[in-house]
Every structure is written in structure tokens, then in C-alpha cells.
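The chain contents come next:
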Amino acid sequence: MGRTRTVRAAAPKKPRGHPFFCQPRDLGFGLGTLMQTTATLTALLRETLQAPVKVELGRSRTRPVQAKALRPGTFAQAGVALRLHRVFLNAPDEIIVDMGQWLKVGRRARQACARLDAWMHGALEALPPTAPRQVTLRAEGHAHHLEDLQREVIEAEFPDRFALPPREGELPLGDPADSAARLACPSMTWGRASTRKRIRSLRLGSYVSESNLIRIHPHLDRTTVPARFVRYIVFHEHLHALYPSHKDPAGRWVHHTRAFRQREARYPDYEWALRWERDQLFRVLARR
Ligand SMILES: [Zn+2]
């Protein structure tokens with residue numbers, strides 16, 4: 001009797017290749033179950049465009065699709081390098097094919113573009129808001145204390161506009177109803193020093209309205225920069241809190257409105273500060 005051969009049913013083949021294509025899972029991007037991988041995105045686009053495609057993933061919400069030809073020519077001739085927001089990991093195949101159509105013939109692919117736009121905007125809007133970057137505040141510098149300068153500025157220039165926190169050990173004696181009408185005092189911090197050695201231009205201060213935060217450039221934190229000058233920069237940034245930037249009819253941002261400029265010109269040290277900046281600032285900063 002010969003050996004019996006057992007014929008076993010072939011074990012179901014394990015899907016090869018990209019595990020989360022076959023087995024969707026949440027990778028914690030806040031995207032939920034994923035529909036695509038970089039490889040499936042690349043394959044779908046390559047098939048639609050009939051040209052080489054490279055795909056990289058990114059997080060830019062303002063430019064969710066960035067495309068660059070791989071060499072001179074149209075995308076369909078030259079191939080394309082794409083940087084896509086990771087939200088496309090969640091796009092159904094049809095949307096990726098639409099993107100391929102758009103790459104191929106541009107806005108002439110009207111319906112494909114409309115579907116792609118609609119899907120993309122919906123998907124981006126559904127994402128959780130980006131977490132604000134954690135900032136460690138440092139108001140006390142080596143030469144100048146920003147909170148002291150802020151207090152001087154507010155007491156002298158805007159006593160009714162900003163609610164100053166009580167000094168240490170001081171009771172809050174102000175009328176609470178009155179202080180409610182005032183703006184919250186911006187937080188103050190020295191910015192982080194850049195590692196670049198040469199100083200070409202400086203942004204001496206900045207104001208972020210979302211976090212009500214004023215940053216002053218750390219180069220100003222030295223005894224050779226007069227407190228009077230730093231105080232002017234602190235004053236200028238408080239004006240940004242009082243006179244918010246807005247868009248003009250042409251859609252351009254106006255950061256220094258007419259009202260801002262007029263108020264700034266009434267600052268007692270205004271002329272002096274402009275002169276000091278013009279004549280002294282870079283000389284002082286060049287000396288280390
Ligand atoms: Zn400004």
C-alpha cells in the first residue's frame with residue numbers, strides 16, 4: 001500500500017503587501033480607519049496619470065496638495081512628485097482617481113475637480129483642530145524684565161484699556177465690573193534666540209492674538225539696549241492687541257491701521273525710539 005497523500009485544503013493566503021490596506025486600523029492621526037497607504041495612493045495615481053508618481057505625506061492644511069513635475073513638462077509627460085496631507089489616507093479610491101484626472105488635464109476635469117475639492121474641504125474641516133504649541137513664558141531677561149516694562153506701559157498709556165494683574169502681595173482693589181470691560185493683559189515673553197549668527201533683519205516684537213501673547217526678540221535683552229527702547233517695542237505690540245489686523249478690500253492684510261499709526265505717534269518716546277533704532281540698534285547688536 002502506497003503512502004496516502006493527504007490533500008489539505010490550501011490555507012487561505014495571507015494578504016501580502018500593505019497590512020493596513022487589508023486590515024484597516026486607526027493609526028492615531030485622528031483620521032479613524034484608513035482607506036489608503038502611500039503605496040496604494042501611488043499606484044492609483046500612477047494608473048490614472050499613466051506616468052511616474054512619487055507620494056509623500058505631510059500635514060499642511062493650507063496646501064494639502066502640492067505637486068511638482070519630476071522633470072520639465074506636463075505632469076502626464078514628466079511624472080509628478082506629490083506632497084499630500086495625510087487626510088488622503090482616508091480618501092476612497094474614486095477621489096484619488098479624481099486627483100489623477102486633475103493632474104492629467106488640470107481644471108478641465110471639471111467634475112473630478114469638484115468632487116476632489118468637496119471631499120478635501122470636508123475632510124480637512126472634520127480634522128480635530130491643531131494643538132497649540134506649548135510655549136514656556138520667560139518674561140524675566142538678563143537685562144530687562146518684560147512684565148515690569150509692560151506695567152509701566154499700561155499704567156502710563158492704557159490705564160483703562162488693559163486689566164493689569166495685581167502686583168505680588170497686592171490686593172486686587174479695582175472694581176471688578178470695571179476690570180471686566182478691559183482687555184486681558186497680554187502674556188509677555190522673550191522669544192527664543194535663533195542659531196543664525198549674522199543679523200540681517202530682525203522682527204523686534206510680535207503679537208499673537210489667538211494666545212494673547214507678546215514676544216520680544218531676545219537680541220534686545222542686553223544692557224546696551226536702553227529699557228526706554230524695549231519699552232517702546234512693548235508699547236507697539238500692545239497696540240496690535242488694541243487695533244487688530246484686518247483685510248483691506250483687495251484682500252491684503254493691514255497690520256498697522258491708520259488708527260494704530262495715529263495712536264503710536266502720540267507715544268512720548270516715539271520719535272526718539274525711531275531715531276535710536278535707525279542710528280544705534282544694529283551698531284549695538286553687532287557688538288556681542
Ligand atoms: Zn507692528
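Only a predicted model underlies this, so the values are computations on that prediction, with no experimental measurement involved. (Residues numbered from 1 in each chain as written. Predicted model: local features only at pLDDT ≥ 70, side-chain atom pairs only at ≥ 80, totals over all residues.)

A. Spatial organisation of the packing of helix H2 (residues 38–49) against helix H4 (residues 93–105). Here H2 crosses H4 at 45°, and the two axes come no closer than 8 Å. With respect to H4, the element H2 is oriented oblique. Handedness of the H2/H4 crossing: right-handed. Contact residues: H2 offers Leu41, Leu44, Leu45, Thr48 and Leu49, while H4 offers Asp93, Ile96, Val97, Met99, Gly100, Gln101, Leu103 and Lys104. Taken together, the residues of the contact of H2 with H4 break down into eight nonpolar, three polar and two charged. (Axes fitted to C-alpha atoms, helices over the stretch in contact; angles between N-to-C directions. Helix = DSSP H or I, 4+ residues; strand = E, 2+ residues; numbered from the N terminus. Parallel < 35°, antiparallel > 145°, perpendicular 65-115°, else oblique. Left-handed = near helix turned anticlockwise from the far one by under 90°. Contact = placed C-beta atoms within 7 Å. Nonpolar A, V, L, I, M, F, W, Y, C, P; charged D, E, K, R; others polar.)

B. Structural view of the sheet that holds strand E6 (residues 187–190). Strand order in the open sheet made by the three strands is E6-E8-E7, with mixed pairing throughout. Because the sheet does not close on itself, it has two edges, and the strands there are E6 and strand E7 (205–208). On average, each strand axis in the sheet is tilted by 20° relative to the strand beside it, whichever way the strands run. Bridging between E6 and strand E8 (residues 213–216) involves four bridges; their strand directions are parallel. What sits directly across from Thr189, in E8, is Arg215. On top of the sheet, helix H8 (residues 227–242) reaches E7 and E8; it is set at about 25° to E7, its chief contact. (Pairing = 2+ DSSP bridges.)

C. Molecular detail of unusual backbone geometry. At Gln50, a position not held by glycine, the phi torsion is positive, near 55°. Tracing the backbone shows Gln50 in the loop between H2 and strand E1 (53–58). Exposure remark for Gln50: the 11 C-beta atoms within 10 Å place this residue in the exposed category. In this model, Asn212 sits at a positive phi of 50°, which is unusual for a non-glycine residue. Looking at where Asn212 falls in the secondary structure, it is placed in the loop between E7 and E8. (Buried ≥ 20, exposed ≤ 12 C-beta atoms within 10 Å, placed from the backbone.)

D. Region of interest: the packing of helix H6 (residues 146–157) against H8. Orientation of H6 relative to H8, taken along the N-to-C sense of each, is 65°, at an axis distance of 9 Å. Classed by the angle they form, the pair H6 and H8 counts as roughly perpendicular. Our pair here, H6 against H8, has a crossing hand that is right-handed. Here H6 contributes Leu146, Leu149, Gln150, Glu152, Val153 and Glu157 to the contact with H8, which in turn contributes Ala227, Val230, Arg231, Val234, Phe235 and His238. For the contact of H6 with H8, the per-class residue count stands at seven nonpolar, two polar and three charged.

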